[in-house]
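# Survey of secondary and tertiary structure
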Amino acid sequence: MTFTKRTKQTLAILATILIVFTVIVFVIPFHKGGTFWIAYLAEVVAIAAQIPIFKLAYDNAKDLKSKVLGFPIFQVGYLCLGIQTVASVILFVLSGVIAKFPV
C-alpha cells in the first residue's frame, strides 16, 4: 500500500486526534464505569473508521461527491466523527449518573 502525501497527513491528523482525545479523557476525572468504556470504545472505532472513509474519498479524486445527498464523502466522515465525539463527551459527563445502570 503506497501512502501519498495526503494519506500521510490524514493518518497523522487522525492519530493526533486519538492521542489528544485519550489524554483528555483519562486526565479529567470521569467515573470509569461501563458507560464510560462503551463511549470511549465507540469514539475509538469512529476515529478508526475515518481511515477507510478518507481512502474511499481520495482514491476516487475525480469525483469526491457521495452517492447520498451529494455531499463530499470526507465531509460526511467528519460530520459522523463530530456527532460521535459530542455523544461520547455527553456520556462521559453523565457516566457518574448512569453508573447505577447495569451494563
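Residues numbered from 1 in each chain as written. Predicted model: local features only at pLDDT ≥ 70, side-chain atom pairs only at ≥ 80, totals over all residues. Heavy atoms only, no water.

### Let's talk about the overall build of the protein chain
Looking only at helices and strands, the protein chain has three helices and zero strands in total. Along the chain direction, N to C, the helices and strands of the protein chain fall in the order α-α-α. Considering the protein chain as a whole, with its 103 residues, one finds that 23% of them fall into the buried category. Intrachain contacts of the protein chain at a sequence separation of at least 6 include 61% that bridge at least 24 residues. Split by element, the accessible area of the protein chain, about 7100 Å² in all, is 75% carbon and sulfur. (Helix = DSSP H or I, 4+ residues; strand = E, 2+ residues; numbered from the N terminus. Buried < 20%, exposed > 50% of the residue type's maximum accessible area, 1.4 Å probe, protein only. Contact = heavy atoms within 4.5 Å. Areas by Shrake-Rupley, 256 points an atom, 1.4 Å probe, with all protein chains shown as cover.)

### Quick word on the environment of Ile-28
Assignment of secondary structure puts Ile-28 in the loop between helix 1 (5-27) and helix 2 (34-59). What makes Ile-28 partly exposed here is its relative accessible area of 37%. Distance from Ile-28 to Phe-92, taken between C-alpha atoms, is 9.8 Å for residues 64 residues apart in sequence.

### Considering the side chain of Ser-88
Within the element layout of this structure, Ser-88 appears in helix 3 (residues 73-94). Apart from residues lying up to four places away in sequence, Ser-88 is in contact with Phe-21, Ala-39 and Glu-43.

### Some words on the confidence of the model for the protein chain
Per-residue confidence for the protein chain gives a mean pLDDT of 82; residues scoring 70 or more make up 80%. Of all the helices and strands in the protein chain, helix 2 carries the lowest mean pLDDT, 86, while helix 1 carries the highest, 89. (pLDDT = per-residue confidence, 0-100.)

### Quick notes on a nonpolar patch on the surface
Taken together, the side chains of Val-86, Val-89, Ile-90, Val-93, Leu-94 and Val-97 make up a nonpolar region of the molecular surface, amounting to roughly 520 Å² of accessible area. Turning to its location among the elements, Val-93 is positioned in helix 3. (Patch = residues over 30% accessible without salt bridge, like charges linked within 9 Å, V, L, I, M, F, W, Y side chains within 5 Å. Salt bridge = Lys/Arg side-chain N within 4 Å of Asp/Glu carboxyl O.)

### Considerations on the packing of aromatic side chains
For the structure on display, the rule yields ten aromatic pairs. Taken together, a centroid distance of 6.3 Å and an interplanar angle of 10° make the contact between Phe-21 and Tyr-40 stacked. With Phe-21 in helix 1 and Tyr-40 in helix 2, this pair connects stretches of sequence that are 19 residues apart. No difference in accessibility class separates Phe-21 from Tyr-40, as the two residues are buried. Aromatic rings pair up to connect Phe-21, Phe-26, Phe-30, Phe-36, Trp-37, Tyr-40 and Phe-92 into one cluster. Above the ring of Phe-36, the side-chain terminus of Lys-32 is found at 5.1 Å from the ring centroid. (Phe/Tyr/Trp six-rings, centres within 6.5 Å; stacked < 30°, edge-to-face > 60°. Lys NZ or Arg CZ within 6 Å of the ring centre and 35° of its normal.)

### A word on the nonpolar core
Core analysis: the biggest nonpolar cluster contains seven residues, these being Phe-21, Val-25, Phe-30, Phe-36, Ala-39, Tyr-40 and Phe-92. Elements supplying a minimum of two residues to this core: helix 1 and helix 2. Here the element with the most residues in this core is helix 2; it accounts for three residues. If we ignore the near neighbours within four places in the chain, the residues touching Phe-92 are Phe-21, Val-25, Phe-30, Phe-36, Ala-39 and Tyr-40. In terms of nonpolar packing, the next biggest core, distinct from the first, is built from five residues, Leu-14, Ile-47, Phe-54 and Leu-81 among them. (Core = buried A, V, L, I, M, F, W, Y, C linked by side-chain atoms within 4.5 Å.)

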